[in-house]
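Residue strings, one per chain:
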Amino acid sequence: MTKMGLLLLTLSFIVGPMVSMAQERPNIIIIYADDMGYGDLHVQNPDSKIPTPNLDQLASEGMRFTDAHSSSGICSPSRFALLTGTYHWRRQFGIVGAFGKPFFDESDVTLPQILKNNGYKTACIGKWHLGWNWKFKNEPSGEVMQWGRMRKFYRPADVDWNQPISGGPLDRGFDYYFGDGTINFPPYAWMENDRFIQLPESVMDVHNVGFDIEEGEWEFRPGPKVEGWNPYEVLPTLTKKTVEWIGKQDGKEPFFLYFALPAPHAPIIPNDEFKGKSAAGPYGDFVYQTDWVAGQVLKALKEKGLEENTIVIFSADNGPEHYAFDRAEKYGHFSMGEFRGLKRDVWEGGHHVPFIVKWPNRIKEGSISKEVISQVDIMATLAYITNSSLPTNAAPDSYNLTALLKGNSYSSPIREATVHNTNEKIWALRQGKWLYMDGSSGEHSKMPDSFKELRGYKDFESAGLLFDMEIDPEQKNNLYNQYPDIIKGMQDILKRYQQQGYSIKRPTK
């Protein structure tokens, strides 16, 4: 972090609201699923073929949002947005590739940083996928044919493993990190804090991983791995580490835990004890295991006596992967729910995600909100709840949802508008019930004709799209030619957001 960034944080902390040490400050856990669709939660899909008892229970004990969105339809950008309260497109559109540089600028202020400055112990366990400052000895020396083209990759000897790896979680405000980076990207090895527990001295054979898979592809990228690396051990190991970390908390200082799951992202690899637990094939079993993992976290909190003073947030980084089309036709389980599109799409199914918040004795049990919210709102909300100071330019796209969560009166809609975006070619804006898109399609994940016929979708030819999401959440009825004034107003807002950014007023109640 730059000296200016540190100065801003220090000054904001000094002049910000003073907090008595005796004042209660809730612990915070964010459980962030990977590629989980809105319709994968049984509680919000009446035709679901997947039991999710733990997440259903979480929803019954907190507030479930039916119109919540990730910033992007893909991974790294959504994670950046969640941790900074900033739309990803203000920085970049794409994911961080294997051995990629950090998504962050050094001046970025993050959620764990402001909480840490306010006396919180902070930890990140699981998938990072936001880059590190890797040190290389030379250019990539490996080469392999994959997906129809020759790919260059770093072999173990190309990387300098002797120094701590900077630019990762520890440099973004986390006191502790444990994980494998990204399950389908090298290096395939466990990292604790900024060093590897065991150095990866072998190479992942992308054509012969050495294990069976029952649905989809491994989707592994070539690169260094620890000898004997077993991908089936990743989710169980992360779960065990998370439960252990919670068990070490003594309740004397508040904590923030960001538990970023690698599931149910491909590779679809449920462990043996979860196979056959759903009626939606291996993916359904993997979602069932993901639900079980969330249950283990909640159980650990309760057993440690921390449940009553902990905010638990569950969500996902984007919609389901393209395998969801076949799954729907084969098993009758629609991971995207009633929404159009999948991961990568600007269609609703690409970013309309599960979102549940539990805060005992503060949030009404079993409550449901139809308010349009975004994951970028988490930062301003938690900053307000914890009395953590936000520098003036931090979290510029984040709205405070505290009044909504506590059941207090507030002016709806909270958000002036919400941008939906995955790449630079297509943009959408949600304002109230209206959804405007600046092109004729939000598709990136090619939809099979058989699925189009199954759902009654048709292609559009207008220059843009407009949908009334209150009556047409499936985005079937294009109203683009009927409401030019609404479109003009939404185009102006989108242009303003894109060109100048904007300042928001955060409610104080």
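Conventions used here
- Residues numbered from 1 in each chain as written.
- Predicted model: local features only at pLDDT ≥ 70, side-chain atom pairs only at ≥ 80, totals over all residues.
- Heavy atoms only, no water.
- Helix = DSSP H or I, 4+ residues; strand = E, 2+ residues; numbered from the N terminus.
- Rg over C-alpha atoms; globule rule 2.2 N^0.38 Å.
- Buried < 20%, exposed > 50% of the residue type's maximum accessible area, 1.4 Å probe, protein only.
- Contact = heavy atoms within 4.5 Å.
- Areas by Shrake-Rupley, 256 points an atom, 1.4 Å probe, with all protein chains shown as cover.
- Core = buried A, V, L, I, M, F, W, Y, C linked by side-chain atoms within 4.5 Å.
- Pairing = 2+ DSSP bridges.
- Axes fitted to C-alpha atoms, helices over the stretch in contact; angles between N-to-C directions.
- Phe/Tyr/Trp six-rings, centres within 6.5 Å; stacked < 30°, edge-to-face > 60°.
- Lys NZ or Arg CZ within 6 Å of the ring centre and 35° of its normal.
- Parallel < 35°, antiparallel > 145°, perpendicular 65-115°, else oblique.
- Left-handed = near helix turned anticlockwise from the far one by under 90°.
- Nonpolar A, V, L, I, M, F, W, Y, C, P; charged D, E, K, R; others polar.
- Polar contact = N/O pair within 3.5 Å; in protein donor to acceptor, adjacent residues only side chain to side chain.

Participant: I'd like to hear about the overall build of the protein chain, residue by residue, with values.
Facilitator: Helix and strand counts for the protein chain stand at 11 helices and 20 strands. Relative to the compact-globule value of 23 Å for 509 residues, the protein chain shows a C-alpha radius of gyration of 22 Å, a close match. With the C-alpha coordinates aligned to their principal axes, the bounding extent of the protein chain is approximately 60 × 60 × 45 Å. When burial is assessed residue by residue, the protein chain has 61% of its 509 residues classed as buried. Within the protein chain, contacts between residues at least 6 apart in sequence are counted, and of these 73% link residues at least 24 apart. When the accessible surface of the protein chain is summed, it comes to about 20600 Å², and 48% of that surface belongs to carbon and sulfur atoms.

Participant: Which residues make up the nonpolar core, and what values do they have?
Facilitator: By size, the foremost hydrophobic cluster in this structure holds 110 residues, and its most contacted members are I30 and Y258. Among residues more than four places away in sequence, those in contact with Y258 are I30, Y32, R79, L82, L83, A123, C124, I125 and F174. Counting residues in each nonpolar core, the second largest holds 18 residues, with A81, V419, L429 and I493 among its members.

Participant: Describe in detail the pairing of strand β7 (residues 176–181), supporting the description with residues and values.
Facilitator: Counting buried residues in β7 gives 6 out of 6 residues, a clear majority hidden from the surface. As judged from the 2 bridges shared by β7 and strand β8 (residues 191–192), these two strands associate in the antiparallel manner. Along β8, the bridge assignment pairs F178 with E192.

Participant: Go over the sheet that holds strand β15 (residues 367–369), please, and point to the residues and values.
Facilitator: The strands making up a sheet associate through hydrogen bonds between their backbones, and the pairing can be parallel or antiparallel. Ordered by their spatial adjacency, 10 strands build an open sheet running β9-β8-β7-β4-β12-β1-β13-β14-β2-β15, and the pairing between neighbours is mixed. Among the strands making up the open sheet, the edge pair consists of β9 (195–196) and β15. Against the sheet, helix α2 (residues 53–60) touches β2 (63–65), β13 (310–316) and β14 (355–358), its axis set at about 60° to β14.

Participant: Tell me what's going on with unusual backbone geometry, and back it up with residues and numbers.
Facilitator: Geometrically, the link from P186 to P187 is a cis peptide bond, its omega value of 0° lying close to zero. Relative to the elements of secondary structure, P187 occurs in the loop between β7 and β8. A cis amide bond links A263 to the next residue, P264, at an omega of 0°. With respect to the helices and strands, P264 occurs in the loop between β12 (255–260) and α6 (281–303). We note that E219 has phi near 60°; this positive angle belongs to a residue other than glycine. Here E219 is to be found in the loop between β10 (202–203) and β11 (224–225).

Participant: Residue-level account of the packing of aromatic side chains, with values.
Facilitator: Taken as a whole, this structure holds 37 aromatic pairs when the rule is applied. For R327, the ring lying beneath its charged end belongs to Y283, and the centroid distance is 3.5 Å. For K476, the ring lying beneath its charged end belongs to Y457, and the centroid distance is 5.6 Å.

Participant: I'd like a description of the sheet that holds strand β20 (residues 465–468), backed by residues and values.
Facilitator: Taken together, the 4 strands give an open sheet; going across it, the order is β17-β18-β19-β20, and neighbouring strands pair in antiparallel fashion. The sheet terminates laterally at β17 (418–421) and β20, the two strands that pair on one side only. The sheet shows a mean angle of 20° between the axes of neighbouring strands, direction not considered.

Participant: Which residues make up the environment of G284, and what values do they have?
Facilitator: Summarising the element assignment, G284 is placed in helix α6. The class of G284 is buried, set by a relative accessible area of 0%. As a C-alpha pair, G284 and F103 span 181 residues in sequence and 32 Å in three-dimensional space. With residues near it in sequence (within four places) discarded, G284 still touches I50 and S278.

Participant: Before we move on, can you summarise the pairing of strand β6 (residues 149–153) with the specific residues and values?
Facilitator: As paired strands, strand β5 (residues 142–146) and β6 are joined by 5 bridges and run antiparallel to one another. Its bridge partner being in β6, G142 is matched across the sheet by F153. In this structure, the hairpin formed by β5 and β6 is closed by a connection of 2 residues, where W147 is found at a positive phi of approximately 55°.

Participant: Provide a residue-level description of the packing of helix α5 (residues 234–247) against α6, including the pertinent values.
Facilitator: It is the contact of α5 with α6, at a shortest axis distance of 9 Å, that shows an interaxial angle of 15°. The orientation of α5 relative to α6 falls into the category roughly parallel. For α5 against α6, the interelement crossing comes out right-handed. Here L235, P236, T239, T242, V243 and I246 of α5 lie close against α6, whose contacting residues are F286, Q289, W292, V293, Q296, V297, A300 and L301.

Participant: Mind laying out the packing of α2 against α6, listing which residues take part and the relevant values?
Facilitator: Contact geometry of α2 with α6 gives a least axis separation of 7 Å together with a crossing angle of 50°. If you check the angle between α2 and α6, you find them oblique. Residues P53, N54, L55 and L58 of α2 pack against Y288, D291, W292, A294, G295 and L298 of α6. Its residues placed into classes, the contact of α2 with α6 shows 7 nonpolar, 2 polar and 1 charged.

Participant: So, the side chain of H333: which residues are in play, and what are the values?
Facilitator: One can find H333 in the loop between α7 (323–331) and β14. Looking at H333, the relative accessible area reads 0%, which means it is buried. A distance of 2.8 Å separates the side chain of H333 from the side chain of D40, its partner in a polar contact. In this structure the side chain of H333 is engaged in a polar contact, spanning 3.1 Å, whose partner is the backbone nitrogen of K49. Residues contacting H333, with those up to four places away along its chain left out, are G39, D40, N45, S48, K49, I50, A280, R327 and A328.

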